[in-house]
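# Report on the structure
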Amino acid sequence: RTNKPGQQPAAPFVPGNPTLQNMLKDFGNEETADVKFEVGGAVESAKGRRKRAKTPTSTFHAHHIFLRLNAPALADMCNPGDVSAPTAINNIQPETFKDMLYYCYGG
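Quick summary incoming for the structure in this document. Because the structure is predicted, anything quoted here is derived from the model rather than measured.

Okay, the overall build of the protein chain next. Broken down by element type, the protein chain carries four helices and three strands. Counting helices and strands in the order they occur from the N terminus, the protein chain gives α-β-β-α-α-β-α. Burial status across the protein chain gives 25% buried among its 107 residues. Taking as baseline every contact in the protein chain between residues at least 6 positions apart, the subset at least 24 positions apart corresponds to 66%.

Rendered as structure tokens:
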């Protein structure tokens, strides 16, 4: 293709990379997840105080490959492919864990 005098050359076509959008679509997908977490449920107490009730538990499904790349310490805590035995995570609020997990997916 030739350009006419005074005309700017056309920019090359570079398609967008859908990887990040595809990762975010899979966030929380039970069907494709190979890791399961049970978060919360710990008894909260302070020294000299009565024990409080358990915090509510939440279940999160994830993909080991995304954890391996973005949160290796978390990936080391679980066994990929074994969703029948969830990994228990205490001392963190489920909403905070969800935000951290979403960050691992590029969000």
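Attention now moves to the packing of aromatic side chains. A full pass over the atoms with the stated rule returns five aromatic pairs. With a centroid separation of 5.3 Å and an interplanar angle of 75 degrees, the aromatic rings of F27 and Y105 are classed as edge-to-face. Remark: Y105 occurs in the segment after α4 (94-104) and F27 occurs in the loop between α1 (19-25) and β1 (35-40); sequence separation between them is 78 residues. Pairing F66 with Y105 gives two aromatic rings, centres 4.8 Å apart and planes at 70 degrees, and the pair type is edge-to-face. Pair noted here: F66 is in helix α2 (residues 64-70) and Y105 is in the segment after α4, with a separation of 39 residues, a long-range link.

Reading guide: rules and limits
Residues numbered from 1 in each chain as written. Predicted model: local features only at pLDDT ≥ 70, side-chain atom pairs only at ≥ 80, totals over all residues. Heavy atoms only, no water. Helix = DSSP H or I, 4+ residues; strand = E, 2+ residues; numbered from the N terminus. Buried < 20%, exposed > 50% of the residue type's maximum accessible area, 1.4 Å probe, protein only. Contact = heavy atoms within 4.5 Å. Phe/Tyr/Trp six-rings, centres within 6.5 Å; stacked < 30°, edge-to-face > 60°.

By themselves, these are just geometric observations and shouldn't be taken as functional.
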